[in-house]
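Each chain, written out:
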Amino acid sequence: MLREMMKPSYKGNTLTIELSDFGYKNYFAECLYHFDKHEGKYSLSMWLSRNDLDDRMRLSSKKIDTQYIPGTRETIVENICRIVHQAATVTDKKTGEKYFDHFVERYEYELACFERGNELMEQERLAG
């Protein structure tokens, strides 16, 4: 079972799954889930975060998506692990990329922009 292999951490209705073992060093998936009675399914919102950023600034996490997934109280954690595992390991035949690749690239770009802007602000502050 993927649940045992991925060892999710639990915080209420949030699972945290480390992604370093799948080639995404310092990244983890934060999976918020709750049962939607109207849909009769679980709503899953997934966020990509880094363990080397301590603050909760906008850059410290990147929302991936929200979707409805099937499951019961007994199977929902395994189903979430299966979704995260597939997003981290399955390569698209057309693009050659895994699902998380696009989000990690976007995350890294925004982080680089933030760092560059911070350097410019520091230079201005020290010069003035």
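Structure: above.
Remember, predicted model here, so these are calculated numbers, not experimental data. (Residues numbered from 1 in each chain as written. Predicted model: local features only at pLDDT ≥ 70, side-chain atom pairs only at ≥ 80, totals over all residues. Heavy atoms only, no water.)

(A) The arrangement of the pattern of salt bridges in detail. This model, assessed by the stated rule, comprises four salt bridges. A salt bridge links R125 to E122, with the shortest nitrogen-to-oxygen separation between them at 2.8 Å. In this pair, R125 and E122 are both assigned in helix α3 (residues 99-127), three residues apart and thus about one turn of the helix distant. A single salt-bridge network, built from bridges that share partners, covers R50, D52 and E108. (Salt bridge = Lys/Arg side-chain N within 4 Å of Asp/Glu carboxyl O. Helix = DSSP H or I, 4+ residues; strand = E, 2+ residues; numbered from the N terminus.)

(B) Region of interest: the layout of surface pockets. Considered as a void within the structure, the largest pocket measures approximately 160 Å³ in volume. Within the residue set of the lining of the largest pocket, elements represented by two or more residues are β5 (61-69) and α2 (76-89). It is α2 that contributes the most residues to the lining of the largest pocket, five residues altogether. A per-class count over the lining of the largest pocket returns five nonpolar, three polar and two charged. (1 Å grid on protein atoms, 1.4 Å probe; cavity = no way out; pocket = protein on both sides within 12 Å on 5 of 7 lines; lining within 4 Å. Points joined across faces, edges and corners; volume = space filled by probe spheres on them. Nonpolar A, V, L, I, M, F, W, Y, C, P; charged D, E, K, R; others polar.)

(C) A look at the packing of aromatic side chains. One pass over the full model with this rule turns up six aromatic pairs. Taking the centre distance of 5.5 Å and the plane angle of 85° together, the rings of Y27 and Y107 count as edge-to-face. With a gap of 80 residues between them, Y27 in strand β3 (residues 27-36) and Y107 in helix α3 connect regions that are remote in the sequence. Y27 sits in the buried class, given a relative accessible area of 3%. Where Y99 meets F100, the ring centres are 6.2 Å apart and the plane angle is 55°; that geometry is what we call tilted. Relative accessible area serves as the criterion here: at 40%, Y99 is assigned to the partly exposed category. For F100, a relative accessible area of 0% translates into the label buried. (Phe/Tyr/Trp six-rings, centres within 6.5 Å; stacked < 30°, edge-to-face > 60°. Buried < 20%, exposed > 50% of the residue type's maximum accessible area, 1.4 Å probe, protein only.)

(D) Molecular detail of unusual backbone geometry. At K7, a residue that is not glycine, the phi angle is positive and equals roughly 45°. Relative to the assigned elements, K7 resides in the loop between α1 (2-6) and β1 (9-11). A residue is classified by how much of its surface remains accessible, and K7, at 63% relative accessible area, is exposed. At N26, a position not held by glycine, the phi torsion is positive, near 70°.

(E) Representation of the pairing of β3 within the structure. Most of β3 is tucked away: seven of the ten residues are buried. Pairing of strand β2 (residues 14-18) with β3, which is carried by five bridges, proceeds in the antiparallel orientation. Looking across to β3, one finds that I17 is bridged to A29. (Pairing = 2+ DSSP bridges.)

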